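One-letter residues, chain by chain:
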Amino acid sequence: GGRITAIDAVAKDPRIMYVGSAGGGIWKSTTGGTLFKPIFDKYCQSIGAITVDQNNPDVIWCGTGESNMRNTVSIGTGLYKSLDGGDNWEKVGLDSSEHISRVAINPKNSNEVYVAVPGPLWSNSKNRGLYKTTDGGKTWDKILYIDEKTGVAEVLVNPKEPNIIYASTWEFRRTPFSFSSGGKGSAVYKSIDGGKTWKKLANGLPTTDFGRVALALAPSQPDNLFAIVEAKKTSLYLSTDGGDKWTEQGSNNN
């Protein structure tokens, strides 16, 4: 498998888990990890994101193409969906994405799904961005796009108010002998209308250009947000007001 790149489990029965790898597809366990079986060998072996629909745990979303932007990384072939716990899969679009880093589902509407696409490592691409479906993957709209060099690395949905969306954009480029992470395109954004409009969040975050941002929120208190911001001084930041203001918590992150 090379590396573990994605993992999710069924909340009501966490013995059922799905693990994605960089070069070995998806593995499923129904025994809490003591036994695994491969369930994605007929498709793509490079996995970027796995998300279980907790309202219907037989529904699994998989974004192919890992998002660890190494020089030894395989590209994906798009987004897949399973309706039977991973026994069968259907491709549901985003064929030219190459790398997908996150899939987030509206917990109050399973047909509404967001997909973060960092995009290609080696070249410009208009296929980067944040995509949204409102019909379970039949059609897609790109709802956040910066430029051909900047993709979307992260997307979160507020579980109590799912019209509130957070996303981080990431400008990057790999060459055969170097990797550039960061630029004017990298930022953290918030939408309160399901992605129709966006506001850049900056109060308390680094004022210089920064690179990739990892985001997490507390499901019990979704106004509490954490961000690890790659910058000249990479740090962990906390917001307790839904992203309006951030406070640095520690800089011992690499």
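Residues numbered from 1 in each chain as written. Predicted model: local features only at pLDDT ≥ 70, side-chain atom pairs only at ≥ 80, totals over all residues. Heavy atoms only, no water.

Student: Quick question: what am I supposed to make of unusual backbone geometry here?
Tutor: Glycine aside, residues mostly have negative phi, and peptide bonds are mostly found in the trans state. The phi angle at Leu94 is positive, at roughly 55 degrees, despite the residue not being glycine. Along the chain, Leu94 falls in the loop between strand S8 (90-91) and strand S9 (102-106). Notably, Glu98 is not glycine yet its phi reads approximately 70 degrees, a positive angle. If you trace the backbone, Glu98 turns up in the loop between S8 and S9. Residue classification places Glu98 among the partly exposed residues on the basis of a relative accessible area of 24%. (Helix = DSSP H or I, 4+ residues; strand = E, 2+ residues; numbered from the N terminus. Buried < 20%, exposed > 50% of the residue type's maximum accessible area, 1.4 Å probe, protein only.)

Student: Any chance you could explain the state of the cysteines here in plain terms?
Tutor: Simply put, the disulfide is a covalent bond whose two ends are the sulfur atoms of two cysteines. Counted under the stated rule, the structure contains 0 disulfides. Just so you know, Cys44 is unpaired, no disulfide at all, and the nearest cysteine sulfur is the one on Cys62, 7.7 Å from it. On the basis of relative accessible area, Cys44 is assigned to the buried category, the value being 7%. (Disulfide = S-S within 2.5 Å.)

Student: When you look at the environment of Thr175 in this model, what are you seeing that I'm missing?
Tutor: Here Thr175 shows up in strand S14 (residues 165-175). C-alpha of Thr175 to C-alpha of Ser123: the two residues are 52 residues apart in sequence and 9.0 Å apart in space. Here the side chain of Thr175 touches Ser178 through a polar contact of 2.6 Å, side chain to side chain. (Polar contact = N/O pair within 3.5 Å; in protein donor to acceptor, adjacent residues only side chain to side chain.)

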